[in-house]
Amino acid sequence: MADIQDPVDDLSVTPPKEWATGVPAVTHALEYSLGQTSVRRTALTLLNINQVKGFDCPGCAWPEPKPGKRHKNEYCENGAKHIADEATSRRVTADFFRDHTVAELDQKSDYWLNQQGRLTEPMVKRPGAEHYEPIGWDAALDLVAQELRALDSPDEALFYTSGRLNNEAAFLLQLFARAYGTNNLPDCSNLCHESSGSALTETLGIGKGSVTLDDIHESDLVFVVGQNPGTNHPRMLTALEETKRNGGRVIAVNTLPEAGLLRFKHPQKARGVIGRGTQIADQFLHIRAGGDLALFQALNLMLLEAEEKAPGTVVDHDWITTHSTGYEEFAEHARKTSWDDVLMATGLSRAEIEQVHEQVLKSRSVIVCWAMGVTQHKHGVPTIREIVNFLMLRGNIGRHGAGVCPVRGHSNVQGDRTMGVWERMPQAFMDALGREFDFTPPEKHGLDSVDGIRAMRDGKAKVFVGVAGNFVRATPDSDVTEEAMRGCRLTVHISTKLNRSHTVCGDTALILPTLGRSDRDVQAGGEQFYTVEDSMSEVHASRGRLAPASPHLLSEIAIISRLARKVLGDSPAIPWEDFEADYGTVRDRISRVVPGFEDFNERVAAPGGFRLPNPVNQGVFRTPSGKAVFTVNAFTMPEVPAGHLLLQTLRSHDQWNTIPYAMNDRYRGIHNARRVVMVNPADIEALGLADRDLVDLVSVWHDGTERRAPGFRVVSYPTSEGSAASYYPETNVLIPLDSVADISNTPTSKSVLVRLEPAASGGAPADGVAL
Ligand SMILES: Nc1nc2c(c(=O)[nH]1)N[C@H]1C(S)=C(S)[C@@H](COP(=O)(O)OP(=O)(O)OC[C@H]3O[C@@H](n4cnc5c(=O)[nH]c(N)nc54)[C@H](O)[C@@H]3O)O[C@H]1N2
Ligand SMILES: Nc1nc2c(c(=O)[nH]1)N[C@H]1C(S)=C(S)[C@@H](COP(=O)(O)OP(=O)(O)OC[C@H]3O[C@@H](n4cnc5c(=O)[nH]c(N)nc54)[C@H](O)[C@@H]3O)O[C@H]1N2
Ligand code: SF4
Ligand SMILES: [Mo]
């Protein structure tokens, strides 16, 4: 691919957009797609995306409308880009690896690596070798099996997954890991919505959202907290547009005035093409970073005070008495909330919060949606618990148009968890798994992503197997993590595209290329489909339609099954060969192990699939007391010493997680550069800096260590005061491994304490280097 250059930094800035999508969005998606592949493949992918007989969008986990209500173009600009990125006609062949040493590839940017195209055959890098070289499937899997069997303990292996994995492959992966003897199943959820899972399981007894798309459409009031749907869940805007059409209101809470939250133009409707579009947020709360806990505490205080003034009219005592515990302790604590603290922590005025309170009082049904702006803070878990308190106070749980809505990231990240990809699955699941396959699953909890890095760093984990994802770029403390990976005996990546995790090799390294969502999957038992679960617990089939990127690709299910046979041998209890031949046989097993999947094969055959029951909506709370739990959450906010800012590391409009598609962030008006740091003009001035100054970002950690990301351009931007924003993954180098959220162990990607120093190099920012 001689025509692809590492991007050169050439920053230009235009005013941030106040609206999202519309015609330019469609044009951008088509441009990206036609740059990657032919008109025919573009048309084929776009016509099949999110259709009942097509494949699930490999983008985010936002649900599709019911079958009868789907548009023939049921995708968004970014979904179209994600699929084009996978359906690309570019190929990485054995010749490519012969032409480039691993050391050379290690210097390339994330963008460049991804632009090389789809991986086409298994490759190995032997100890001491400079290049990857081709290896047959059998030999590659023998090599993995040999290393796994040679470990002193199965707990020296890690099996990482990203939420791209389908249900059947996820089920088989956790079965294999546990039959082999370990619960070491770190996943991207550890870096993502783990705080939601922790908080919701503790308070409501299930770590999932409780609402459907209809609930969103028909709610009186929807909060969108710490989330940028215009970029990351674009079709959520269509849903919110419908909420508004039905008379509901939307309140957005964010540290940035994100485009989609302000105004939205529907790209597939005439109304969106002409005209000014829909104003989405009726109220926008420009909150300080980490101030959400204080906001919801203030709202709870006001609800309790309103109830005192007019007893029996504000708080839903019936619901509370029937369904919950802990109300008195919670209320006693909430009444002590100090307005001074709240105003300082949120940066909002009392009048703004009172306005929200008025809206809440007027609303019969309330939903709170949230994403990374909440979960990736040190106090993400208590913040979500306080959101649950807020909803429960007025019985907004389990009622139509009301409930909790953690908006998931990867298309099947929720399904992977349901299938058992978690380092500490409940005992009931483990018992069912052991019964079905006639073995005793390991009892000791496994390692999550952060603890997995610690184990590799300390020589306690020696084999890393990654199924999808880009572990070294997704995780914090990049230098520490890379060193930890390089210390492994063997690193294995089952991937569709080249990424940096392939260039950070253990003694031996394997790249095992696999089919993607859009690829046709034919096995001994005929053409296969697999299933996914979206953010609202809808389970449905996904069928690839394109000719696979190479004849040498195996499906993830085939790779896991073949590896398992090599490591564990054939046994009648786990018929791996049957699983590979016919994915329906995997679904039969899932139906006997995972609650809610009874008659899986029959039910998934229905157009649109089926919804998993959420017991919360039947008034059933699977907590130790059998009731929903009010919690007491200490008031906390991040402390930012003078001269410092709280940095959040987030996504641009033109990237998929660790993979930039372009150097732009269109809605924020940033073009041709990613090494930028957005800072409020008042803070720029207070820090003695100027717009476009070149600075190093230096993170400071309380053990006295410092981490540096060099060469970032300051961009004056309406971030809330005291905070800054910059893109991930370039900034992961700044996040200390030990900087994690309480309870969930999620890296604090949205609160990194930094100093901005004039750039040490003084030169141009180095976007061309693989930082
Ligand atoms: N196009 C595209 N779509 C994606 C992804 C992608 O990379 N690209 N990634 C997918 C994945 S895996 C995920 S998890 C989701 C992520 O979806 P988001 O959570 O929307 O992703 P981020 O870009 O991390 O944005 C975090 C948002 O929270 C705000 N925020 C930060 N700190 C605070 C705070 O303290 N309080 C409040 N109220 N707001 C705050 C930020 O300004 C920003 O709007 O998107 C999914 N969809
Ligand atoms: N600083 C900071 N760090 C973060 C975040 C943040 O906001 N800030 N967000 C975190 C979050 S929310 C998440 S979810 C993680 C994401 O972390 P990951 O899920 O690990 O990363 P991705 O970038 O989604 O992985 C992209 C790679 O997945 C592979 N892939 C794509 N499709 C398929 C497929 O169908 N099958 C297989 N086998 N492989 C495939 C490709 O090879 C591609 O290079 O990052 C986390 N890291
Ligand atoms: S909203 Fe998400 S799932 Fe839907 S088309 Fe867009 S990226 Fe794909
Ligand atoms: Mo995520």
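Residue numbers here run from 1 along each chain, matching the order of that chain's written sequence. Think of it this way: whatever chain is written first is A, whatever ligand is written first is 1, and the rest follow in order. In keeping with the model being predicted, local features are shown solely for residues with a pLDDT of at least 70 and side-chain atom pairs are shown and tallied solely at 80 or more, while totals for entire chains, interfaces and linings include all residues. Note that water and hydrogens are dropped before the side-chain values are worked out from all heavy atoms of the structure.

**What about the site of ligand 1?**
Thought 1: Only heavy atoms are used to decide nearness, and a residue is near a molecule or strand if one of them lies within 4 Å of it. N254, E258, G290, H377 and N657 are the nearest of the 33 residues found near ligand 1.
Thought 2: In this structure, Q648 approaches ligand 1 through a side-chain N or O atom, which is 3.0 Å from an oxygen atom.
Thought 3: Here a polar contact is taken to be a pair of N or O atoms separated by no more than 3.5 Å, where protein atoms must pair a possible hydrogen donor with a possible acceptor and residues adjacent in sequence count only if both atoms sit in side chains. For ligand 1, an oxygen atom lies 2.9 Å from a polar atom in the side chain of R651.
Thought 4: Out of a free accessible area of 920 Å², ligand 1 has 99% covered by protein chains. All accessible-area figures derive from a Shrake-Rupley calculation using a 1.4 Å probe, and residue coverage is judged against the displayed protein chains alone.

**What to know about the packing of aromatic side chains**
Thought 1: For Phe, Tyr and Trp, rings pair up if their centres lie within 6.5 Å, where Trp contributes its six-membered ring, and each pair is then called stacked (planes under 30 degrees apart), edge-to-face (over 60) or tilted (otherwise). Going through the model one piece at a time under the given rule, you end up with 23 aromatic pairs.
Thought 2: Between the aromatic rings of F464 and F471, the centroid separation amounts to 4.8 Å while the plane-to-plane angle is 50°, which identifies the pairing as tilted.
Thought 3: Exposure classes here rest on a 1.4 Å probe applied to the protein chains alone. A residue is buried below 20% of its type maximum, exposed above 50%, and partly exposed in between. Of the residues examined, F464 reaches a relative accessible area of 0% and is grouped as buried.
Thought 4: Centroid distance F597 to F610: 6.0 Å. Interplanar angle 80°. Geometry classified as edge-to-face. Of this pair, F597 sits in the loop between α29 (583-593) and α30 (600-604) while F610 sits in strand β23 (residues 610-611), and the two are 13 residues apart along the sequence. In this text, helices come from DSSP runs of H or I with a minimum length of four residues, and strands from runs of E with a minimum of two, each type numbered from the N-terminal end.

**Some remarks on the pairing of strand β31 (residues 706-716)**
Thought 1: With four bridges joining them, strand β29 (residues 676-679) and β31 adopt parallel strand pairing. In the strand pairing of β31, V679 is matched with S716.
Thought 2: Sheet analysis places strand β30 (residues 694-700) next to β31, joined by six bridges and oriented antiparallel. Bridging from a neighbouring strand, V698 pairs with R708 of β31. We call two strands paired when DSSP finds no fewer than two bridges between them.

**Some thoughts on the pairing of strand β32 (residues 723-727)**
Each regular strand displays side chains that alternate between the two surfaces of the sheet.
Thought 1: Here β32 lies mainly inside the structure; five of its five residues are buried.
Thought 2: Residues S723, A725 and Y727 point to one face of β32 and A724 and S726 to the other, with burial holding for every one of them.
Thought 3: As defined by bridge partners, strand β25 (residues 645-650) adjoins β32 across five bridges and the pair is classed as parallel. Paired with T649 across the bridge in β32 is S726.

**A closer look at the UniProt feature "domain: Molybdopterin dinucleotide-binding" (unreviewed entry) in the protein chain**
Thought 1: UniProt positions are given in the numbering used here, feature names are shortened, and annotations may be inferred rather than shown by experiment. When the UniProt feature table is mapped onto this chain numbering, "domain: Molybdopterin dinucleotide-binding" (unreviewed entry) sits at residues 645-752.
Thought 2: Between the C-alpha atoms that bound residues 645-752 the distance is 8 Å, and the span itself is 6% helix and 37% strand.

**Section: the sheet that holds strand β9 (residues 249-254)**
Thought 1: Reading across from one edge, β12-β9-β8-β14-β15 is the order of the five strands in this open sheet, with parallel pairing throughout. In this open sheet, the two strands that pair with only one neighbour each are β12 (283-286) and β15 (403-406). Across this sheet, the average inter-strand angle for adjacent strands is 15°, counted without regard to direction.
Thought 2: Where strand β14 (residues 366-370) lies against β15, four bridges are found, and the strand directions are parallel. Its bridge partner being in β15, W370 is matched across the sheet by P406.
Thought 3: Each of β8 (221-225), β9 and β14 is contacted by helix α12 (residues 235-245), which is oriented at about 150° to β8, the strand it contacts most.
Thought 4: The contact rule is simple, with two residues in contact once any of their heavy atoms fall within 4.5 Å. In this analysis, axes come from line fits to C-alpha atoms, helices being fitted only over the stretch in contact, and the angle between any two N-to-C directions falls in the range 0 to 180 degrees. The strands touched by helix α19 (residues 350-362) are β8, β9 and β12; relative to β12, the strand with the most contacts, the crossing angle is about 140°.

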